[in-house]
Every structure is written in structure tokens, then in C-alpha cells.
Amino acid sequence: MTFFEAVLLTIVTAATPLVIAAIGELVTERAGVLNLGVEGMMIMGSVGAFVAAQITGNPYLGLVAGVVSGALFSLLFAFLTLTLVSNQVATGLALTILGLGVSGMIGEGYVGVPGIRLLPIEIPVLSQIPYIGTVLFKQDIVFYLSIVLVIAVNWFLFRSRAGLKLRSIGDNHASAHALGINVIRTRYLAVMFGGACAGLAGAQLSLIYTPQWTESMSGGRGWIALALVVFASWRPWRILIGGYLFGAVTILQLHAQAFGIGVPSQFLSMLPYLSTVVVLVIISQNRRATLINTPASLGKSFVPDR
């Protein structure tokens, strides 16, 4: 494998959890729900996947456990915000703090335990193509799922009737309710989908990216995923582009440290998060475009007529 292929491979691996978590949050926000607990759901997916893989010896069952962990954890957020009508911002932040604490408690006994890596799937012939063969056709199943998710969500939102209903709820939940659409049920499903995606992203971290368990191993990726949704203007295809841009920044700063570039390592380490802030500042300058693309009911609670 050439150095170029190695760099591309690490960029893809670093970008995959960002894309998956962001695509799940995009669907949630398209339904008008702002869930800031992506980081908490990701870390719960990480610990759930790692523990399940250790107990069963099967990384694929660990992957399923990560998805289930994220979805179940998101149900807590859905119950508090959709049924009990609590503040979505405060509840999302609390969910992140809770996830970090609970995952640390569950995974305490697994710190330092060697992980079970999910091996890549090699596609014959195509994997032998120079430069891109190893990068695109000798990848783990989660990478392929991330591509399928982007395509499926794009079709669902803009080509299906159910997707039209979901977007109508995000744009005006009162009008959608008046038309007979079950707003609360649809939002519950959207939140659970977002949680499942965050759990899958977390499982990728502990089974593929770094097959081990360490406390707070999500490392702020949930916040980057939230920024990606805004960066993409709530469009699935832009999530894919943005995810790989942020993944490239993350990996290139690691290579810069390895080459001993004369820049403080602390500055290089903060580059992914600094780039996130810069992108959000640039996007916020065009308020008109932001308002046009933002779901009008985003973050607003809905109480159906009694």
C-alpha cells in the first residue's frame, strides 16, 4: 500500500462515523426536533458495541448492540421532549452528560482489554484497482452502510410520501397535524432513527477505528456531526462531502504531528474543532440562505389539541 492510499484509507475511516451520526441527526432535525445529545448516544453505542462483542466474541453482534444502545438511549430524549414537552436544548445537553457518565460506569471493567476488530470486506477484482481499490472496495461493512444511508435518506426525504410528511412536520407541525399527520409518532421514529445512527457511529469507533474501550472515546465527534448538519444545509449529499472534509482535517493533523512539523501539537489537535467553528461562522454570515433551509419548526415543542 502506498502512502497516498494509506492516507485516503485513514481519512475514510475517520469520516465514516461523522457521516453516519450527521445523517441520523439530519433526519431528526428535518422532523423539527433538535437533539444535542448526539455525543451521548455515540458513546453509548461505543460501549454497548464493545461490551457485546467481548461477551459474544462476534463483532457483528457488537455492531447490532451499538445500534440498539443508541436507539434506546434516544428514547429517553424523545419521552422527555415529545411526551413531557421539556426543553429540547437543555434535554439534549443533559443526555450527553448522562451518556458520558453511564458509559464510563459500564465500560470501567473493560479499559485496557484488547478489542475485537470488525474485519474489512474485500470485493474481488475491484479491490486490486490501483490507488482507489483498497480505499473503496476493501472496506468494513460500516463504510458501505454509510453510503447506503446517504442514498436512502436522500430518496426518502425528497422522493417518498413519508419523507414529504416528515419534512412538512419540520416546516410547520401545526399544519401537518391539521392535515391528519401524527406529529408525535413521526418525531418519535425520527429521533429513534437518529439515535440508531449515532449508536452505529459509536460502534464504528470501538470496533473499527480504534478497537478498544476508553472513556470519552467519542472525543467530541458528536458535536462535529451537529455542525455538519448545518454545514450541509440539511441536505444528505452535502453531509457526505462535509464529513470527508472534516475527516481529512482530523487525519492530516495527525500526519503533520508524525512528520514533526514545527507547530505545537496542541494547535494541531484542535484543528478539527477550530475548522468546525470557522465553517459555522462563515455559514452564519448568509442569514437569508440559512433561514430558507432551516426547518421552521426546529426545536419547537408540539402539544396536540386535547
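Counting of residues starts from 1 at the beginning of each chain's written sequence and follows it residue by residue. Predicted model: local features are reported for residues with pLDDT of at least 70 only, side-chain atom pairs are reported and counted for 80 or more only, and whole-chain, interface and lining totals are derived from all residues. Excluded from the side-chain calculation are hydrogens and water; included are all heavy atoms of the structure.

## Focus on the overall build of the chain
Numbering of helices and strands runs from the N terminus, with a helix taken as a DSSP run of H or I at least four residues long and a strand as a DSSP run of E at least two residues long. When helices and strands are counted, the chain shows 14 helices and two strands. For the chain, the C-alpha radius of gyration of 19 Å lies close to 19 Å, the compact-globule estimate for 306 residues. Considering only C-alpha atoms, the chain reaches an extent of 60 × 45 × 45 Å along its principal axes. Here's how the labels work: a residue is buried when its accessible area is under 20% of the maximum for its type, exposed when over 50%, partly exposed in between, all with a 1.4 Å probe on protein chains only. Out of the 306 residues belonging to the chain, those deemed buried represent 49%. Method for areas: the Shrake-Rupley scheme with a 1.4 Å probe, in which residue coverage is limited to the protein chains shown. Surface summary for the chain: the accessible area is close to 14100 Å², and the carbon and sulfur share equals 69%. Looking at the chain, you have 16 positive and 10 negative side-chain charges, and the mean spots of the two groups are 15 Å apart. Radius of gyration here uses only the C-alpha atoms, and the compact-globule reference equals 2.2 Å multiplied by the residue count raised to the power 0.38. In this count, Lys and Arg are taken as positive residues and Asp and Glu as negative ones, while His and the chain termini are left out. To locate a charge, take atom NZ for lysine, CZ for arginine, CG for aspartate or CD for glutamate.

## So, the packing of helix α1 (residues 3–30) against helix α6 (residues 141–159)
To obtain an axis, a line is fitted to C-alpha atoms, over the contacting stretch when the element is a helix, and the angle between two such axes runs from 0 to 180 degrees between their N-to-C directions. With their axes 9 Å apart at the nearest point, α1 and α6 run at an angle of 25° to one another. Looking at the two axes, α1 sits roughly parallel to α6. Relative to α6, the crossing made by α1 is left-handed. Note on element contacts: α6 touches α1 through V142, F143, S146, L149, V150, V153, L157 and F158, opposite V12, T16, V19, I20, I23, L26, V27 and R30. Under the convention adopted here, Pro, Cys and the residues Ala, Val, Leu, Ile, Met, Phe, Trp and Tyr are nonpolar, Asp, Glu, Lys and Arg are charged, and Gly plus all remaining residues are polar. Tallied by class, residues from the contact of α1 with α6 come to 13 nonpolar, two polar and one charged. Angles are sorted into four bins: roughly parallel if under 35 degrees, roughly antiparallel if over 145, roughly perpendicular if 65 to 115, and oblique for all others. Note: crossing handedness is left-handed where the near helix turns anticlockwise from the far helix by less than a right angle, and right-handed where it turns clockwise. In this description, contact between two residues means that some pair of their heavy atoms is separated by no more than 4.5 Å.

## A few points about a nonpolar patch on the surface
A surface patch of nonpolar side chains, about 530 Å² in accessible area, is lined by F4, L126, I129, Y131, I132 and L136. Structurally, L126 can be placed in the loop between β1 (121–122) and α5 (133–137). Given a relative accessible area of 37%, L126 falls into the partly exposed group. Distance thresholds for patches are 9 Å for like charges and 5 Å for nonpolar side chains (Val, Leu, Ile, Met, Phe, Trp, Tyr), applied to residues having over 30% relative accessible area and no salt bridge. Each salt bridge in this description consists of a side-chain nitrogen of Lys or Arg and a carboxyl oxygen of Asp or Glu lying within 4 Å of one another.

## Some thoughts on the side chain of T28
One can find T28 in helix α1. When its relative accessible area of 1% is taken as the criterion, T28 is described as buried. Apart from the residues within four sequence positions on either side, T28 is in contact with V33, N35, A190, V191 and G194.

## Observations regarding the UniProt feature "transmembrane region" (unreviewed entry) in the chain
UniProt positions are given in the numbering used here, feature names are shortened, and annotations may be inferred rather than shown by experiment. Feature annotation in UniProt places "transmembrane region" (unreviewed entry) on residues 31–53, 60–82, 88–106, 141–158, 188–210, 216–234, 241–261 and 267–283, given in this structure's numbering. Regarding residues 31–53, the helix share stands at 70% and the strand share at 0%, and the terminal C-alpha atoms are separated by 33 Å. Taken end to end, residues 188–210 is 96% helix and 0% strand, and its first and last C-alpha atoms sit 32 Å apart.

## Considerations on the nonpolar core
Nonpolar core, defined: a set of buried Ala, Val, Leu, Ile, Met, Phe, Trp, Tyr and Cys residues in which side-chain atoms within 4.5 Å join the residues together. Formed by 59 residues in total, the largest nonpolar core has its most connected members in V38, L207 and I239. Looking at this core, the elements with two or more residues in it are α1, α2 (38–56), α3 (59–83), α6, α9 (183–209), α10 (221–231), α11 (236–258) and α13 (271–285). I239 has contacts with V19, A22, I23, L26, L228, V229 and A232, leaving out every residue within four places of it along the chain. Ranked by size, the runner-up nonpolar core spans six residues in total, among them I169, A176, V183 and I184.

## Comments concerning the side chain of D140
Position of D140 among the secondary structure elements: in the loop between β2 (138–139) and α6. By the criterion applied in these results, polar contacts are pairs of N or O atoms within 3.5 Å in which, for protein atoms, one can donate a hydrogen and the other can accept it, and in which residues neighboring in sequence qualify only through two side-chain atoms. One polar contact links the side chain of D140 to the main-chain amide nitrogen of V142, over a distance of 3.0 Å. Within the structure, the side chain of D140 is placed 3.0 Å from the backbone nitrogen of F143, a separation counted as a polar contact. Each residue touching D140, except ones within four places of it in the same chain, is listed here: L118, L119, P120, I121 and I208.

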